[in-house]
Amino acid sequence: MTIGTFFGELVKSLFKRPATERYPYDRKPTPERLRGKLHYDPEKCSGCQMCIRDCPSQAIELVTIDKENKRFVMIYHMNRCTFCDQCVQSCRFNCLDLSSEEWELASLQEEPLTIYYGRDEDVQFLLENQAEPGTEAHPCEE
Amino acid sequence: MSAAQAWLTLLVFPGGFFLLATGLLYEFIDRKLVARYQNRVGPRWFQPLADVVKLLAKEEIIPTGVEKTLFIGLPIVGLAGALTAALYVPIAGLPPAFSFRGDLIVTLYLLSLMTLCLGLSGANTVNRFSIIGATRTLTQLFSYEAPFLLALLGPALSADSWQIGQINDYAINNLWMIVTQPIGFLVALVGLMGKLELPPFDAPEAETEIVSGALTEYSGRGLALFRLGKDVELVIGLTLISALYLGGLANPLEFLLKTLCVLLVMAGLQSLFARLRIDQTVGLWWRIGALLALLQLLAITIGKVLL
Amino acid sequence: MEIKKVDEGKFVVPIGPQHPALKEPGHFEFTVDGEIVMDAKVRLGFVHRGIEKMAEQRTYTRDLYLMERVCGICSHVHGTAFTLGVEKLAGVTAPPRAQAIRVIIAELERIHSHLLWLGVAAHEGGFDTLFMYSWRDRETVMDLLELLSGNRVHYSANVLGGVKFDINPVQTDQIRRGVDYLEERTQFYQKVVTTDNTFLGRTRGVGYMSREQAELQGAVGPTARASGVTRDVRVDAPYSFYPQTPVQIVLDDGGDLTARFIVRIKELFEAYRLVRLLLDNLPEGELATRMPRRIPAGEVISRVEAPRGELMYFIRSNGTDMPERVKIRTPSLCNWGTITSTAVGLKLADMPMLLAGIDPCFSCNDRMIRVRRAGEPGVMTWDQIKAGKGGWSV
Amino acid sequence: MDQEMPLKIAERLLQSYLNSFTYPAEGRLDVVIPAEKLVDTVARLIEARWGYLGSITGLDIASPAGAEDEANDQTAGHFECLYIFFSGAAVLVLRVPLAYDAAVVPSICGLIPAATLYERELMEMFGIEVEGTPVKDRLVLADDWPKGVYPLRKSFSGIADADQR
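For every chain, the first residue of the written sequence is number 1, and numbering continues from 1 along that sequence. Chain A is the first chain written and ligand 1 is the first ligand written, with later ones labelled in order. In view of the model being predicted, local features appear only for residues whose pLDDT reaches at least 70, and side-chain atom pairs are presented and counted only at 80 or more, with totals across whole chains, interfaces and linings using the full set of residues. Hydrogens and water are ignored here; the side-chain numbers use all heavy atoms of the structure.

The next point concerns the overall build of chain B. Per the secondary structure count, chain B includes 13 helices and zero strands. Along chain B, helices (α) and strands (β) appear in the sequence α-α-α-α-α-α-α-α-α-α-α-α-α when read from the amino end. Only the C-alpha atoms count toward the radius of gyration. The rule for a globule is 2.2 Å times the residue count to the power 0.38. Relative to a compact globule of 307 residues, whose C-alpha radius of gyration would be 19 Å, chain B shows 19 Å and is just as compact. Counting only C-alpha atoms and orienting by the principal axes, one finds that chain B spans roughly 60 × 50 × 40 Å. Here, Shrake-Rupley sampling with a 1.4 Å probe gives the accessible areas, and only protein chains in the shown set may cover a residue. For chain B, the accessible surface area stands at approximately 12400 Å², while carbon and sulfur atoms represent 72% of it. The positive charge centre, built from 20 side chains, and the negative charge centre, built from 20, are 5 Å apart in chain B. Helix and strand definitions here come from DSSP, where helices need a minimum of 4 consecutive H or I residues and strands a minimum of 2 consecutive E residues; each element is numbered from the N-terminal end. When charges are counted, Lys and Arg are positive and Asp and Glu negative, with His and the chain ends excluded. The atoms used to mark charge sites are NZ of Lys, CZ of Arg, CG of Asp and CD of Glu.

Take a look at the structure:
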């Protein structure tokens, strides 16, 4: 039966540095396995679409431009991604990877959250084609 | 006292602006101390001011079913009461602006006015959280008021005066009364916490039960005024306790040091306990607080007769 | 909520759906006489998301992540219950190392959940200092989970047939250190909740539930064990790696809030012991086995012990790659009944703590329907939400 | 740990008037019972203090496409109510098959008060009428959810169903 069990702790805390992380001012180093932004390596991709099938939030799309020459563009919708690592697990060719460095991904606009991965000329090709109306409707607009 | 001087007293020092500024500063120190006790960073120095400015800029919503005059008037009366009380205490270690025989009692009543206004404003609305909060506020008022009064009577008896200025002078010239009347000091300190509804006596505004108690329906200006009133009361209460129990207040430096010391202890007490239920609060005050204060008074009287 | 008229001299205090005492939406109506509670009613469903229906339209792999999102606090046990069920249906057993890692994560999650609960319960009782301290220490275990999995909350450690990641010796050391620190802290918290008079004043004798009542109400988890009911799936029907690392059941006969505090804190010690034991005896081997995409038709009942109590999954497969029916019975659902029955006669001030006492998880309970009209997109736009067409009318 | 004993006891308890026992998995006993025998069966389990109610759930076993004939055999679409009981590691499932047009089960709240939440869920999600359950208010669905739309039925395709009625 005591009163004020916390007394010792309180006095100690008064002379201790606060435990609060002052986040935007100092950043703690991230663990190696942190699941951040998805990266895609078009060189290794075989276009098997396993990652697309298993993605629980439909955050990735793979556009095949030329299957023969292995020209693919991955459209990554970061705003839908749940960083569950399933696509990385499903990929048999190790062309997907979640970055442990890029994790401050918030944005006020939707545009920066849609990322096109692929060889530069393929992305260019896709974007030019998309610019024509009606080619691909944006999923969040009717 | 000339008219200009009177205005100055009321509006700038020690009445109006000075007191509001000190109140906000002390609120900040209190919050910061509690945060540090809890191993947190706590707010920055202007946070209480920013809160008040923000609240003043917000729309004040007057809910349906309330008596409008009361709803608007009560925060003003409460704050005014607290501000008036400042005129009779040695704020900043300077002699009180006004003084007469028995001003201790008047000060205590002015301080209670604030709590009364709080209770009435809660009872004024139809919100059930407010009503429960108001009931609890008034219940608590009736429980801590008597022991608090008794605890402040101890120094008054010792000094043979009901005038705060004179008790202050007596305290400066004698042994600190925290040494001679430790129980009185403790009861007064805890009584002040009850008055300000600080944890663990925050049942009247326990947010996890009744949202914000009596103040649930208040927004904007009314809420800002009530909060300012509490800040002012905090300063006055600390001044009173330091003046009476900690060897009086002779100069500003002493004022600062002593009140901050009391605040340090008070912040510690705030973070040390779980919230008491209202029945536990009442039981604590009447069963222990009042009894202890009475014993203290008895001891003083006997001491005076014998010496 | 519309304000209900005060009728027949009844004074009803509504708590929720939005209320500072509730960190999640739920609605309670307490009829009070002064400060004494005369009657209690509950209304749920504010965060019902239709997960059971959604599960029928997704493949098993995608369902796994859906199940993890049933609850934000105990995401791993939901994943584990589902995975174990599906593995049983498919006739696949995950390798022992995977099973052990699952149990390590589950116990770390229990630590995280119980510390979180300790803070919340203390906050409900107006003991903010305990709240701040316990949550500060909870960061330790969150960091450990992040270290292991890469995520702080939805670790998604499971895949069908195993786990995703291994535990290397460096991480083992870090986990040991974290657990040592937490054990020391937990001893202090145990002292606080069992000896601090102001805190005991708020918990002792509050919300008393006898053993018979607990059994009758079907209470599970720490709530039941605090009333002396020996009910723990890890002991009764050991799953995953628990048969190899037997759990000692933690019981208390108090039946009141103090007992619920004690049981949870003692379970923390048990969890520390298990984590250490498992780290010492981590079997070698593969992390995952191959899993068929189509699951043979059948039914399975999968039970695991979540931090809040027994979690049950009923999965019925029809031979395709999507389940026919998934029924989730969360522990919170079992414990709701205990609130309405124990609330009567207590003080209003006890209600938040009583609610917190069973560690309710509303989102676990409520799993709602997302409705699509044929030809309309399933995603709501901002304009639709703003126009008040959110929810079911879309 | 011992799964067999409780199941043997359960079998003996219910054997006198039921006969369709199956052991679909290790430690699990399934019993198919008609709705009218439900209360009686549960009462026997309670009397013998056999375990506790784990869950009540519904199943909508839609008839396979093409087999739409109203023959009263196993292939016809029907509901099934599962009353799942646990005793240690042992699992006992009481299966109550119900035809679509007579989806009524008696309430067991009189015996197990905690069943009320499951029964309310059953009524809301499947539209299975639970006779005699004490509270019939909405539990999980929204207040403005249309009447007569039961989301966990296989025939449910969206709220548009209700608008057309």
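For the rest of this paragraph, the subject is the arrangement of the chains. We call two residues contacting when some pair of their heavy atoms lies within 4.5 Å. For the four pairs of chains in contact, the largest share of contacts goes to chains C and D. What separates chain B from chain D at the closest point of their C-alpha atoms is a distance of 24 Å, and the two make no contact.

What follows is about empty space enclosed by the protein. All names here are of chain A. The rule is simple: put a 1 Å grid over the protein atoms alone, call a set of points where a 1.4 Å probe fits but cannot get out a cavity, call an open set with protein on both sides within 12 Å along at least five of seven lines a pocket, and count a residue as lining if it has an atom within 4 Å of a point. Grid points are joined across faces, edges and corners, and a volume is the space filled by probe spheres set on the points. For the structure shown, the criterion picks out eight cavities of 30 Å³ or more. Around the largest cavity, the lining comprises 15 residues; the ones closest to its centre are Cys-55, Cys-81, Phe-83, Cys-84 and Cys-87. For this classification, Asp, Glu, Lys and Arg are treated as charged, while Ala, Val, Leu, Ile, Met, Phe, Trp, Tyr, Cys and Pro are nonpolar and the rest, including Gly, are polar. Looking at the lining of the largest cavity residue by residue, the classes come out as eleven nonpolar, three polar and one charged. Considering only enclosed or pocket space, the second largest cavity measures out at about 70 Å³ in volume. What lines the second largest cavity is Cys-45, Ser-46, Gly-47, Cys-48, Gln-49, Met-50, Cys-51, Leu-62, Cys-91, Phe-93 and Cys-95. Here the residues of the lining of the second largest cavity are counted per class, giving eight nonpolar, three polar and no charged.

Before going further, it helps to examine the sheet that holds strand β1 (residues 11-15) of chain C. All names here are of chain C. We call two strands paired when DSSP finds no fewer than two bridges between them. Read from one edge to the other, the open sheet built from three strands follows the order β1-β2-β3, with strand pairing classed as antiparallel. Every interior strand has two partners, whereas the edge strands, β1 and β3 (36-43), have only one. Averaged over all pairs of adjacent strands, the angle between strand axes in this sheet comes to 25°, irrespective of strand direction. Relative to strand β2 (residues 27-33), β1 is paired through five bridges, and the arrangement is antiparallel. Its bridge partner lying in β2, Pro-14 is registered against Glu-29. Along the sheet face, helix α12 (residues 331-343) touches β2 and β3 and points at about 160° away from the line of β3. Axis lines are fitted through C-alpha atoms, for helices just across the contact stretch, and the angle between N-to-C directions can take any value from 0 to 180 degrees.

The term salt bridge refers to a side-chain nitrogen of Lys or Arg lying within 4 Å of a carboxyl oxygen of Asp or Glu. Considering all chains together, one arrives at 48 salt bridges over all chains under this definition. Among the ionic pairs, Glu-21 of chain A bridges to Lys-28 of chain A, the shortest N-O distance being 3.4 Å. Among the residues examined, Glu-21 of chain A registers a relative accessible area of 45% and is labelled partly exposed. For Glu-87 of chain C, the salt bridge goes to Arg-102 of chain C, with nearest N and O atoms at 2.8 Å. Residue Glu-87 of chain C is found in helix α3 (residues 75-90), and its partner Arg-102 of chain C is found in helix α4 (residues 96-124); the two are separated by 15 residues along the sequence. To sort residues, take the accessible area from a 1.4 Å probe on protein chains only and compare it with the maximum for the residue type: under 20% means buried, over 50% means exposed, and anything in between is partly exposed.

Facing 49 residues of chain D, the contacting portion of chain C comprises 39 residues. The term buried area means the drop in 1.4 Å probe accessible area that two parts suffer when joined, counted for both and summed. When chain D packs against chain C, close to 3600 Å² is buried across both sides, 57% of that on carbon and sulfur atoms. Linking chain D to chain C there are three salt bridges. A salt bridge links Arg-95 of chain D to Glu-299 of chain C, with the nearest nitrogen and oxygen atoms 2.6 Å apart. For the purposes of these results, a polar contact is taken to be a pair of N or O atoms within 3.5 Å, where, inside protein, one atom must be able to donate a hydrogen and its partner to accept one; residues adjacent in sequence count only when each atom of the pair is a side-chain atom. At the junction of chain D with chain C, the criterion picks out eight residue pairs in polar contact (both at pLDDT 80 or more). Broken down by secondary-structure element, the contributors of at least two residues to the side of chain D that touches chain C are β2 (28-32), β3 (52-61), β4 (78-87), β5 (90-99), α3 (115-126) and α4 (160-164) of chain D. Tallying contributions element by element places β3 of chain D first for the side of chain D that touches chain C, with nine residues.

What follows deals with the pairing of β3 of chain C. Residue and element names in this part refer to chain C. Looking at chain direction, β2 and β3 are connected through seven bridges and run antiparallel. By the bridge assignment for β3, Val-32 is matched with Val-37. Hairpin connection of β2 to β3: two residues between the antiparallel strands, including Gly-34 at a positive phi of 70°.

Successive residues of a regular strand alternate their side chains across the two faces of the sheet. Residue and element names in this part refer to chain D. Taken across its five residues, β2 has four buried, putting it largely inside the fold. Both β2 and β5 contribute to a ladder of five bridges, which runs parallel. The partner of Asp-30 across the bridge, within β5, is Val-93.

Our next topic: the interface of chain C and chain B. Of the residues lining the interface, 31 residues belong to chain C; the matching set on chain B comes to 23 residues. Each partner contributes to the roughly 2500 Å² buried at the junction of chain C and chain B, and carbon and sulfur atoms together form 56% of this total. Summed over the shared surface of chain C and chain B, the number is zero salt bridges. Remark: the boundary between chain C and chain B carries seven residue pairs in polar contact (both at pLDDT 80 or more). Contributing elements (two or more residues each) for the side of chain C that touches chain B: β1, α4, α5 (128-149) and α7 (197-203) of chain C. Of the residues in the side of chain C that touches chain B, the class split is 16 nonpolar, seven polar and eight charged.

What follows concerns unusual backbone geometry. Going from Pro-199 of chain B to Pro-200 of chain B, the amide bond is cis rather than trans, its omega being 5°. Looking at the secondary structure, you find Pro-200 of chain B in the loop between α9 (182-195) and α10 (207-210). Backbone geometry at Asp-85 of chain A places phi at a positive 80°, although glycine is not the residue there. Tracing the chain through its elements places Asp-85 of chain A in the loop between β3 (71-77) and α3 (86-90). The exposure class assigned to Asp-85 of chain A is buried, which follows from its relative accessible area of 14%. The phi dihedral of Arg-49 of chain D falls on the positive side, at around 55°, and the residue is not glycine. Mapped onto the secondary structure, Arg-49 of chain D falls in the loop between α2 (38-47) and β3.

This part covers the sheet that holds strand β2 (residues 60-66) of chain A. Hydrogen bonding along the main chain pairs the strands of a sheet, whether they run parallel or antiparallel. Residue and element names in this part refer to chain A. On the basis of which strands lie adjacent, the open sheet formed by three strands has the order β2-β3-β5 and antiparallel pairing. Pairing within the sheet leaves two strands with one partner each, and these edge strands are β2 and β5 (114-118). Averaged over neighbouring strand pairs, the angle between their axes works out to 20° when direction is ignored. Pairing geometry for β2 and β3, over six bridges, is antiparallel. Bridging from a neighbouring strand, Asp-66 pairs with Arg-71 of β3.

Spatial relationships are all this shows, so hold off on functional conclusions.
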